[in-house]
Amino acid sequence: MKKPLPVGVDNFEKMIKEDYYYIDKTMFIKELLDLKGEANLFTRPRRFGKTLNLSMLRYFFEDTGDTERNERNRTLFQGMKILEAGENYTNQMGMFPVFELTLKSAKQEDYDMAYYMIESAVSTEFERHRSVVESGKEALSAREYEQYTAVAEGTAGEQTYHFGAR
């Protein structure tokens, strides 16, 4: 039986678990780590896999705060080339909180709605990592923790979002 083509699938976990046809692009992880860039810009034409690659990076690097979930994420990479790249790369698996944002939701009719959609996406990502922050909140000042909580709960004012951009 042939595997289905992943037309419109942009989630790495879904791609692997539902056994879609997938060309192993995990050496992209090695390339990023080798480049040691502080910021990376991914430019590709529409429908060229940018969101799927970001999803793959998230599942590789993310520490979800849940040991079982981290292990499930690790199993997604079984049989992939990145696991043959050596400990310098595999030691990075599940080590970081990853905030995955895409600007797809910001394509709106007006600025206010676009801003709201981005704010909502940021809030969702903050909430997704609340357990990681809660377990290490002594590393944050009281003000930082208060700001984090406000963003996670969607109650932060616009100035809170601008504060981190300085």
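The structure under discussion appears in the preceding block.
This report concerns the structure included in the present document.

What about the packing of aromatic side chains?
Here is step 1 of the chain: Applying the stated rule across the entire model yields 10 aromatic pairs.
Here is step 2 of the chain: One aromatic cluster is present, built from ring pairs that chain together Phe-12, Tyr-22, Tyr-59, Phe-60, Phe-61, Phe-77 and Phe-96.
Here is step 3 of the chain: Over the face of the ring belonging to Tyr-59 we find Arg-58, whose NZ or CZ atom lies 4.9 Å from the ring centre.

Regarding a nonpolar patch on the surface
Here is step 1 of the chain: Together, Leu-5, Val-7, Tyr-21 and Ile-23 make up a nonpolar patch on the protein surface, roughly 480 Å² of accessible area in all.
Here is step 2 of the chain: Residue placement: Ile-23 occurs in the loop between α1 (12-17) and α2 (27-35).
Here is step 3 of the chain: On the basis of relative accessibility, which here comes to 55%, the residue Ile-23 falls in the exposed class.

Some words on the nonpolar core
Here is step 1 of the chain: By size, the foremost hydrophobic cluster in this structure holds 21 residues, and its most contacted members are Phe-12, Tyr-22, Ile-29, Met-56, Phe-60, Phe-77 and Ile-82.
Here is step 2 of the chain: For this core, the secondary-structure elements that each account for two or more residues are α1, α2 and α3 (50-61).
Here is step 3 of the chain: Element by element, the count of residues in this core is highest for α3, at 6 residues.
Here is step 4 of the chain: Once residues lying within four places of it in the same chain are set aside, the contact partners of Ile-82 are Thr-26, Met-27, Ile-29, Lys-30, Phe-60, Phe-77, Tyr-89 and Thr-90.

So, the packing of helix α6 (residues 111-128) against helix α8 (residues 142-153)
Here is step 1 of the chain: As a packed pair, α6 and α8 sit with axes 7 Å apart at the nearest point and diverge in direction by 120°. Between α6 and α8 lies a crossing of left-handed hand. Touching Val-122, Ser-123, Phe-126 and Glu-127 of α6 are Tyr-148, Val-151, Ala-152 and Glu-153, all from α8.

Some remarks on α6
Here is step 1 of the chain: The first and last C-alpha atoms of α6 sit 26 Å apart over 18 residues, in line with the 26 Å expected at 1.5 Å per residue.
Here is step 2 of the chain: Within the sequence span of α6, burial applies to Ala-114, Val-122, Ser-123, Glu-125 and Phe-126.
Here is step 3 of the chain: By the N-cap criterion, in which a side-chain oxygen at the helix start approaches the backbone nitrogen of a residue two or three places on, α6 is capped by Asp-110, the distance to Asp-112 being 3.3 Å.

Regarding the side chain of His-129
Here is step 1 of the chain: On the secondary structure map, His-129 appears in the loop between α6 and α7 (130-135).
Here is step 2 of the chain: Excluding residues that lie within four positions of it along the chain, His-129 makes contacts with Glu-62, Asp-63, Pro-97, Val-98, Phe-99 and Tyr-148.

Describing the packing of α2 against α3
Here is step 1 of the chain: Contact geometry for α2 and α3: axes closest at 10 Å, N-to-C directions at 75°. Judged by the inter-axis angle, α2 sits roughly perpendicular to α3. Within the contact between the two elements, α2 uses Phe-28, Ile-29, Leu-32 and Leu-33 and α3 uses Asn-53, Met-56, Leu-57, Phe-60 and Phe-61.
Here is step 2 of the chain: Residues that form the contact of α2 with α3 fall into these classes: 8 nonpolar, 1 polar and no charged.

Quick look at the pattern of salt bridges
Here is step 1 of the chain: Applying the stated criterion across every chain, the model contains 12 salt bridges.
Here is step 2 of the chain: A salt bridge links Lys-104 to Asp-10; its shortest N-O distance comes to 3.2 Å. Taken as a pair, Lys-104 in the loop between α5 (87-90) and α6 and Asp-10 in the segment before α1 lie far apart in primary sequence, 94 residues in all.
Here is step 3 of the chain: According to the relative accessible area criterion, Asp-10 is partly exposed, its value standing at 32%.
Here is step 4 of the chain: The partner of Arg-130 in a salt bridge is Glu-134, with the nearest N and O atoms 4.0 Å apart.

Points about a negative patch on the surface
Here is step 1 of the chain: On the surface, a cluster of negative charge is made up of Glu-109, Asp-110, Asp-112 and Glu-158.
Here is step 2 of the chain: Tracing the chain through its elements places Glu-109 in the loop between α5 and α6.
Here is step 3 of the chain: Classification of Glu-109 as exposed rests on a relative accessible area of 81%.

Let's talk about unusual backbone geometry
Here is step 1 of the chain: In this model, Asp-19 sits at a positive phi of 55°, which is unusual for a non-glycine residue.
Here is step 2 of the chain: Along the chain, Asp-19 turns up in the loop between α1 and α2.

Conventions we followed
- Residues numbered from 1 in each chain as written.
- Predicted model: local features only at pLDDT ≥ 70, side-chain atom pairs only at ≥ 80, totals over all residues.
- Heavy atoms only, no water.
- Phe/Tyr/Trp six-rings, centres within 6.5 Å; stacked < 30°, edge-to-face > 60°.
- Lys NZ or Arg CZ within 6 Å of the ring centre and 35° of its normal.
- Patch = residues over 30% accessible without salt bridge, like charges linked within 9 Å, V, L, I, M, F, W, Y side chains within 5 Å.
- Areas by Shrake-Rupley, 256 points an atom, 1.4 Å probe, with all protein chains shown as cover.
- Salt bridge = Lys/Arg side-chain N within 4 Å of Asp/Glu carboxyl O.
- Helix = DSSP H or I, 4+ residues; strand = E, 2+ residues; numbered from the N terminus.
- Buried < 20%, exposed > 50% of the residue type's maximum accessible area, 1.4 Å probe, protein only.
- Core = buried A, V, L, I, M, F, W, Y, C linked by side-chain atoms within 4.5 Å.
- Contact = heavy atoms within 4.5 Å.
- Axes fitted to C-alpha atoms, helices over the stretch in contact; angles between N-to-C directions.
- Left-handed = near helix turned anticlockwise from the far one by under 90°.
- Expected span 1.5 Å × (residues − 1).
- Polar contact = N/O pair within 3.5 Å; in protein donor to acceptor, adjacent residues only side chain to side chain.
- Parallel < 35°, antiparallel > 145°, perpendicular 65-115°, else oblique.
- Nonpolar A, V, L, I, M, F, W, Y, C, P; charged D, E, K, R; others polar.
- Lys, Arg positive; Asp, Glu negative; His and termini not counted.
- Charge placed at Lys NZ, Arg CZ, Asp CG, Glu CD.

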